[in-house]
Amino acid sequence: MEKSDQNTYDGYIKALTDISRAITSDLFLEDLLKLIVMVTAKVTEVEICSLWLVDKNEKPPQIKLKATQSIDPEYVKDRSLNLNEGVVGYVVTHKRPITIKNVLRSKRFKEKEMARKLKLVSMVGVPLQLKDERIIGVLNCFTATPHTFSRTEINLLTAVANQAALAIMNTELMLKAQVIQEELESRKLIERAKEILVRRRGLDVNSAFRWIQKRSMDSRKSMRAVAEAILLSEDLGYYSSIPHALKKDPT
């Protein structure tokens, strides 16, 4: 990170711009996380940049490594920590950045063997914080030579991390909205299929639903696929060919 202040600012502005564009893009979450670490590593010229996200589905909640630009198998392996463990746990629980001049001498840094193998020395960790002050993750940067992170560098990294948090949340909201939309569409299709079974087979609503459910299990297809097959058969006027239609995925 030995650059002039102007170059430093220019690089971080470029990073913020790239991540800002991602907020309105249709990137998958995995691709977005890779973009964030790649851009940050390029701007800061650090050895390793990594992004950890809090997983509240775990009991107790954990923070998990989700992305890094490093290709070293020692670093990219699946890793997770409790929220009271290590540097990332400290950043999440205290909601503030942390810098370490030498990770091998830090009691808080837990992965010293990995640091020795990869020759990592100094690090900075900043929280991914939303406007409501929720912390959803941590952005870590490691150097291969001793480095004292300046207040300017920490502030700029914090700006990048907060922008990244916004991009991540936006992507997750878009994904949830898409899932909800697909569920609504599936329900509508199943309801229409039930109506056909009620009319054609004289079944009641509950029996029609169970018929679709059983056909789904027997054919190993989703209930939506079964419903679409019923609707297709109805449109073609071949209700008796429903079992045959299910042999092929109508989607």
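Since the structure is predicted, the reported quantities are computational estimates derived from the model, not experimental observations.

K.L.:
How do you make sense of the overall build of the chain when you look at a structure like this?
P.N.:
Broken down by element type, the chain carries nine helices and six strands. Across the 251 residues of the chain, 45% fall into the buried class. A separation of at least 24 residues holds for 54% of the contacts in the chain among residues at least 6 apart in sequence. Roughly 14600 Å² of accessible area belongs to the chain as shown, and the carbon and sulfur atoms make up 51% of that amount.

K.L.:
For this particular structure, what's the right way to read the confidence of the model for the chain?
P.N.:
Close reading of the predicted structure is inappropriate where its pLDDT is low. Averaged over all residues, the pLDDT of the chain is 81; the fraction at 70 or higher stands at 78%. Every residue in residues 247-251 scores below 50 in pLDDT, and together they form nine contacts with partners more than four places removed in sequence or on other chains.

K.L.:
Explanation requested: the sheet that holds strand 5 (residues 123-129) in the structure shown.
P.N.:
By definition, the strands of a sheet pair up through backbone hydrogen bonds, in either a parallel or an antiparallel sense. The strand order across the open sheet built from six strands is 3-2-1-6-5-4, with neighbouring strands paired in antiparallel fashion. Among the strands making up the open sheet, the edge pair consists of strand 3 (80-82) and strand 4 (98-100). Averaged over all neighbouring strand pairs, the angle between strand axes comes to 25°, with direction disregarded. Across the sheet, helix 2 (residues 29-44) touches strand 1 (48-55), strand 2 (62-68) and strand 6 (135-142), and the angle it forms with strand 1 is around 145°. Packed on one face of the sheet, helix 4 (residues 86-94) meets strand 1, strand 2, strand 3, strand 4, strand 5 and strand 6 and runs near 135° to strand 6.

K.L.:
Help me understand the packing of aromatic side chains in this model?
P.N.:
Each aromatic ring pair is characterised by the separation of its centres together with the angle its planes make. Scanning all chains against the criterion turns up one aromatic pair. Between F109 and F142, the ring centres sit 6.0 Å apart and the planes meet at 70°, which makes this aromatic pair edge-to-face. Of the two residues, F109 is situated in the loop between strand 4 and helix 5 (112-118) and F142 in strand 6; the sequence distance between them amounts to 33 residues. For F109, a relative accessible area of 5% gives the class buried.

K.L.:
Can you help me understand the pattern of salt bridges in this one?
P.N.:
Where charged atoms from two side chains of opposite charge come close, those side chains can pair. Taken as a whole, this structure holds ten salt bridges when the rule is applied. One salt bridge in this structure joins R116 and E113, with 3.5 Å as the shortest N-O distance. One end of the pair, R116, and the other, E113, are both in helix 5, three residues apart, so they sit about a helical turn from each other. A single network of salt bridges, built from pairs that share partners, joins D55, E58 and K64.

Conventions and cut-offs
Residues numbered from 1 in each chain as written. Predicted model: local features only at pLDDT ≥ 70, side-chain atom pairs only at ≥ 80, totals over all residues. Heavy atoms only, no water. Helix = DSSP H or I, 4+ residues; strand = E, 2+ residues; numbered from the N terminus. Buried < 20%, exposed > 50% of the residue type's maximum accessible area, 1.4 Å probe, protein only. Contact = heavy atoms within 4.5 Å. Areas by Shrake-Rupley, 256 points an atom, 1.4 Å probe, with all protein chains shown as cover. pLDDT = per-residue confidence, 0-100. Pairing = 2+ DSSP bridges. Axes fitted to C-alpha atoms, helices over the stretch in contact; angles between N-to-C directions. Phe/Tyr/Trp six-rings, centres within 6.5 Å; stacked < 30°, edge-to-face > 60°. Salt bridge = Lys/Arg side-chain N within 4 Å of Asp/Glu carboxyl O.

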